[in-house]
Amino acid sequence: MKTSILLLTILLSIPGLSGQAPAETAPLPEKLAVLPQKLQVAHFPSPVLASTDPEEPGTYFWKHNSTLFSPMEDATIIEGGAYIYYNDQWNLRVSMSAKDFSKLFGVPKGVMKAGQPYTFVDNWRRDTRLYGGWAMWYVIAELPSGEKICGVGKLDTVGKLYDE
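This section reports on the structure supplied with the text.

Analysis parameters
Residues numbered from 1 in each chain as written. Predicted model: local features only at pLDDT ≥ 70, side-chain atom pairs only at ≥ 80, totals over all residues. Heavy atoms only, no water. Helix = DSSP H or I, 4+ residues; strand = E, 2+ residues; numbered from the N terminus. Pairing = 2+ DSSP bridges. Axes fitted to C-alpha atoms, helices over the stretch in contact; angles between N-to-C directions. Contact = heavy atoms within 4.5 Å. Buried < 20%, exposed > 50% of the residue type's maximum accessible area, 1.4 Å probe, protein only.

1. Things to note about the environment of Lys99
Within the secondary structure layout, Lys99 lies in helix H4 (residues 98-105). For Lys99 and Glu79, which are 20 residues apart along the polypeptide, the C-alpha to C-alpha distance reads 8.2 Å.

In structure tokens, the structure reads:
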């Protein structure tokens, strides 16, 4: 029995066999790790496969949308942005001001109303190469009490076409 448990533990520690990608379990960047995650960031579809468009030959598109949601209280956006996963860690891709981030998601005056989803409809990845990767959108906001909170949403973009 002990041998079986040891063997299972060793097998699950081998990358790719545990069923989770390293990006799914990697530590969050420090500025997010120290904040309570009280906001939701979701992507649809997830995972997202690539598609092509005859109007832009040679370009692959990972078409998806991303949504922000504050389930319990109004929250004022402080900043938002995205990380991409490589070299075994999350690396900042873009950090935006409250004004710019709110504009992408259609959040009037940067205040997310409790229970109201806000969607960035055309949040598409595009590239001339067909390869997968991980992205993570984040939002940092402040509650009326002054508490700073965050939300993160990880997205797997797969290196193959829907029609394969």
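2. Some words on the sheet that holds strand E1 (residues 40-44)
Ordered in space as E1-E4-E8, the three strands form an open sheet in which the pairing is antiparallel. The sheet is open, and its two borders are formed by E1 and strand E8 (118-120), each paired with just one other strand. Along the sheet, successive strands turn relative to each other by an average axial angle of 20 degrees, direction set aside. Sheet topology places E1 next to strand E4 (residues 65-69); five bridges connect them, and they run antiparallel. Residue pairing across strands places Val41 opposite Leu68, the latter belonging to E4. Lying on the sheet, H4 is in contact with E4 and E8; it crosses E8 at an angle near 90 degrees.

3. Observations concerning unusual backbone geometry
Glycine aside, residues mostly have negative phi, and peptide bonds are mostly found in the trans state. For the bond running from Phe44 to Pro45, omega is -10 degrees, close enough to zero to count as cis. With respect to the element layout, Pro45 can be found in the loop between E1 and strand E2 (48-52). Across the junction of Ser46 and Pro47, the peptide omega takes the value 0 degrees, indicating a cis bond. When you line up the elements, Pro47 lands in the loop between E1 and E2. For Asn87, which is not a glycine, the phi torsion comes out positive at approximately 55 degrees. For Asn87, the position within the fold is in the loop between strand E5 (75-86) and strand E6 (89-97). Given the relative accessible area of 63%, Asn87 is considered exposed. One non-glycine residue, Lys109, adopts positive backbone phi at about 55 degrees. By secondary structure assignment, the location of Lys109 is in the loop between H4 and strand E7 (111-112).

Functional significance is not addressed by these values, which are geometric in nature.
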